[in-house]
Each structure stands twice: as C-alpha cells, then as structure tokens.
Number of protein chains: 2
Amino acid sequence: MKLRHKYSQDCSDCPIRYRAICSHCEVSELERLESMKFYRVYERGQTIMWTGDKMEFVGSVVSGIATLSQTMEDGRRQMVGLLLPSDFVGRPGRENIGFDVVATTDLVLCCFWKKPFEDMMAETPHILQRLLEMSLDELDAAREWMLVLGRKTAREKIASLMLVLAQRKSALTLTTDARDIAFELPLTREAMADYLGLTLETVSRQISSLRKDSVIFMNSKRSITVPDMGRLFEEAGNRCETEFMN
Amino acid sequence: MKLRHKYSQDCSDCPIRYRAICSHCEVSELERLESMKFYRVYERGQTIMWTGDKMEFVGSVVSGIATLSQTMEDGRRQMVGLLLPSDFVGRPGRENIGFDVVATTDLVLCCFWKKPFEDMMAETPHILQRLLEMSLDELDAAREWMLVLGRKTAREKIASLMLVLAQRKSALTLTTDARDIAFELPLTREAMADYLGLTLETVSRQISSLRKDSVIFMNSKRSITVPDMGRLFEEAGNRCETEFMN
DNA sequence: CGAGCACTTGATCGCTTTCAATAGCTGTGG
DNA sequence: CCACAGCTATTGAAAGCGATCAAGTGCTCG
C-alpha cells in the first residue's frame, strides 16, 4: 500500500495527451494544468477512493485499469464502470464520490486538487467541453450496458464483454480487417461476474462453452483470440454488423 | 399522430425555468434562447425519435414523461432512462440518436434546432456548465440503476422503482416528514418490466406480493400509497436510511 | 512442499420466465 | 343498450436458467 516509485511525465509527450480532459487545451492552458498536476501510483488491488469519501482530488488514468463499483450491505457487488487510460476520475461539483474506485492493475493517475481544478474549469471552456463530451460518451456506454445487464443471457453477456475488449484492442492497434483479434483479459472471473451481474461460476462455465463452440480460443486462462468477429457479434446478440466496424 | 393544439409559453414563467439547461442563464442569454425556441406537443404513446435517426433538434421536457429505450432484434427491450420535466433530450456533438425516445404520457417539448443550439452552447458557458451538471447527474442515476438491474431480486427491483417514484413525488411536494406518500404510476406493467429487466407477469406478481405484505397500498391499479418509507427502503435493499431524507 | 488464490466442473435448488387462462375496463358500432 | 374487440392486469402451472453448494485442479510464491 505504498508508492513504489516516483512517476513523472511531461504533458507534451504524455500518452493520453490527445484523449484526456486536456485534449482540447491550447499551450497556455496546458502549461497551467502542468503546474497544477501531480502523479500518484497505485498497486494492483488497491482502493483509490471509497464510496462516500470526500473527494479531495480528481484526475485522469495515465496507464492501467481501474473499476467503479457499488456494494450492497450483504456483499452483492455491481461494477458500474471500467476506467481505462485517458478516462477521468472524480466529479467536479460534488463533494463525495458515489462509488468505490479500485485499481485492478498497477495504475498511474494524473491528479489535480479538486478546488483549483474547478476554478480552472470555470475559466476554461476547452476543459468544460471535453469533460462534457467524455461524460456523454460514458452515459451512452452506461446505457448500453443496462441492456446487457437487464436483458441478455449469461452467454450473451460474456460475448458482449469479449466484444468490448476486442473492439477496444482493435481500435488501439488500428488493424483494419485482421481476422484474428487477440487480447488479454484484464479482469479476474470474479470481476467479470461483478461487471456482468453473474456469479463467477457462471462466468467460468460460459467461457468454457464459448471455447467449446470455437467462438473464442484461449492460449491461457487470461489470453483470448477471436477468430471471427462477426460470429462473436452474433453471440453477443447485437443488432447487426454495422457497429462492428468502428 | 398530429399536434393537438399550439402551445406557447414565456420563458420568464416557464415551469422548468430553474431546473432545465437554461437555469444558469442570464437575461440576455435567455432572450437569445427564447428567440430560438419552438414547442412541439406529442400524444401519449407517440415515438419522438427512433434509434439511429438523424438528430435535427434537441430540447427540454416541459411537461409529461418520456422514456429512452433500446430494442434487440428479437424484441427484447430495455428502458435506459426516464425523462421527466426539465430533462434534456438529445446529444450535442453527435449526429444520430442512440435510443428510441417515446412519450408515455402527453408531452410538451421545448425545442431548438441542433446546429444553432450547438453554436450558442460554444459561446455560452452557462449552458455548457448546466448541461455538464445534468449529464453527470444522469450518469450517476444510470450507474445506480445498473446495480438494480444486475444484482437485485424481482421484489427489490419493484421496491426500488416505487422508491424512486415516491422520492420524486415527495421532493416536489416538499412534505418534510409526511408518513403517507401517495403517487400515480406513470408506467404500464409492461413499461415497468422493460425498466426493471423483468417480464410483465413478474412485475404484476411482485406488486401483488408487496401489497399483500402491506409495504404498499393501492387505491386502483395505478395509484400507490406508501405507509412507511423506511420499510420500502429496506425492501429495496438499500444500504441505509441516509439517502431517504434527500 | 504446502498455503493461498484463481479457476473449473458437477449436482441440486429455486427464482424468474414461459405458456396459458381469465378478469376488468374502455371505446366502437349494430 | 348490449355485444364485442382490444388492451391492461392478474393468477396458475410448469419449465429452464443461473445461483448455490461442493469438490477438485493448476499455478505462484514463500
């Protein structure tokens, strides 16, 4: 539970420079942000914020993956968001955080103290605009996930998750039409269960089933290869193939 | 499928003046909005926009209730949002709408053509700020609903819906500690099922069950009275009673 | 080598769905 | 006025899917 090492980074060659909240900023704005920022490093498994905590800082995921989740008294848990590099953590204009934020891999966060950040936001429409764009994208994603949670079968849920991860991978590598898409699962079976509203046993069974039916191949328990994205798309119960090209 | 009558309203005494996107606007900004706006009236059951439609206008719900929903090829449907007076319809910065928008009651919409609205938004931080606030609130609501969809039992789902409607009602009437809260269900059993990720039969059964156990009382099939909000809160499986006072 | 963790697989249980019948209400037209 | 269609809602019986309980495998790390 301690910082393993100092991390430092120039904004000018930051890996998330063109996707994070700063992406629309001009040089002068970026300089101001640069003077305000500080980095925090978290280890895999570490909780970054607990539900109800006073939010003292906000920030962007630079590298690694975090999850947003909610827990009921009796322990039932639901993941409500997956935070990937460039995603924003925290909510300007609200005192307390509404969800647990947990690092599922080692993680680097580019942080700003909340009050100075809010002040800057009020004066910098570029940041405001970008944050609105990002929030609306997250809202769309949350709503799409509601269909998965509310109406899809266990098999379709697993396929949907695989599809999201595969699309994310192919978007990064810009492979236009590579038939085989391979990626690593960044989540344990239990975390997948929490994301999909299932038990970890059901997750395991459905992954085995998709493997048996050659929808996916596995080199190891965490390494997936998709031979036919169209097939995966159908298994996910999605409307048609139009989405699959973006 | 036609407008029943013209609707007209001065912004200055608009019922949603202090909650909609215009709520932070100064007089001059409001005048500009007033000159741009036009009203549309929809009848109960009418679809306002279909998934994938080109979004030609955006707007605010003035009165009535609309739903946002998503449908799979085989007909499975999931409601992903409930639009109440002051809620915003449409997404600046995106060409097409991602969900069906349907009026579940007669409805009045205060509309703006999309392009002029986007232009104004770029020059008016007050609107940008308000839209960000509203989007973040919706994001929180969507994420809380993900817990309902993913982890709650049918009985807890019904109780959660009743709770949301009861809280909304008590927030409007500002009854500080009235023990009995009464409200009308604005949704059919089928619409509730689509919201909760259940079948309409299960909805009906669970409502009967809550009635049998005196968690709710019913004057008619659509009229609910809650004798004890704390009890309803427990039935919804919520963490504790803190939320129930806001 | 043994403890701990992530994962897999089997057997059974129970909640929700599915299929089906029926009741109540509203509006229409003979 | 009543018959009837169409819609919303309720309730019953049976089936099925995912949860629960339980055992066991394989891997990593001390």
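Treat the numbers as computed from the prediction; the structure is a model and nothing was measured.

1. With respect to the overall build of chain A
Part 1 of the argument: Along chain A, the regular secondary structure elements total 7 helices and 11 strands.
Part 2 of the argument: In terms of C-alpha radius of gyration, chain A reaches 19 Å, essentially the compact-globule figure of 18 Å for 246 residues.
Part 3 of the argument: When the backbone C-alpha atoms are referred to their principal axes, chain A occupies close to 55 × 45 × 35 Å.
Part 4 of the argument: The buried share among the 246 residues of chain A stands at 41%.

2. Remarks on the domain arrangement of chain A
Residues and elements named next belong to chain A.
Part 1 of the argument: You can read the domains of chain A as domain 1 (11–141) and domain 2 (152–245).
Part 2 of the argument: Taking only C-alpha atoms, the centre of domain 1 and the centre of domain 2 are 27 Å apart.
Part 3 of the argument: Facing the 8 residues of domain 1 at the interface are 6 residues of domain 2.
Part 4 of the argument: Elements with a minimum of two residues in the side of domain 1 that touches domain 2: strand E4 (66–71) and strand E5 (77–83).
Part 5 of the argument: With 3 residues, E5 is the largest single contributor of residues to the side of domain 1 that touches domain 2.
Part 6 of the argument: In the side of domain 1 that touches domain 2, the residues fall into 2 nonpolar, 5 polar and 1 charged.

3. Some remarks on unusual backbone geometry
Peptide bonds are, in most cases, trans, and in most cases residues other than glycine have a negative phi.
Part 1 of the argument: The backbone phi angle of serine 86 of chain A is positive, close to 90°, even though this residue is not glycine.
Part 2 of the argument: Tracing the chain through its elements places serine 86 of chain A in the loop between E5 and strand E6 (88–89).
Part 3 of the argument: Overall, the presence of 21 C-beta atoms within 10 Å leaves serine 86 of chain A in the buried class.
Part 4 of the argument: In this model, serine 214 of chain B sits at a positive phi of 60°, which is unusual for a non-glycine residue.
Part 5 of the argument: Mapped onto the fold, serine 214 of chain B is located in the loop between helix H6 (200–212) and strand E10 (217–220).
Part 6 of the argument: Owing to 10 C-beta atoms within 10 Å, serine 214 of chain B belongs among the exposed residues under this scheme.

4. Describing the relation of the copies chain A and chain B
Part 1 of the argument: With an RMSD of 0.0 Å, chain A superimposes on chain B once it is rotated by 180° and translated 0.0 Å along the axis. Classification of the inter-copy transformation places it as that of a two-fold axis.
Part 2 of the argument: When the interface residues of chain A are mapped onto chain B, 100% of them again fall at the interface, so both copies present the same face.

Rules used throughout
Residues numbered from 1 in each chain as written. Chains lettered and ligands numbered in written order. Predicted model: local features only at pLDDT ≥ 70, side-chain atom pairs only at ≥ 80, totals over all residues. Helix = DSSP H or I, 4+ residues; strand = E, 2+ residues; numbered from the N terminus. Rg over C-alpha atoms; globule rule 2.2 N^0.38 Å. Buried ≥ 20, exposed ≤ 12 C-beta atoms within 10 Å, placed from the backbone. Domains from an automatic or database assignment. Contact = placed C-beta atoms within 7 Å. Nonpolar A, V, L, I, M, F, W, Y, C, P; charged D, E, K, R; others polar. Least-squares fit on C-alpha atoms with pLDDT ≥ 70 in both.

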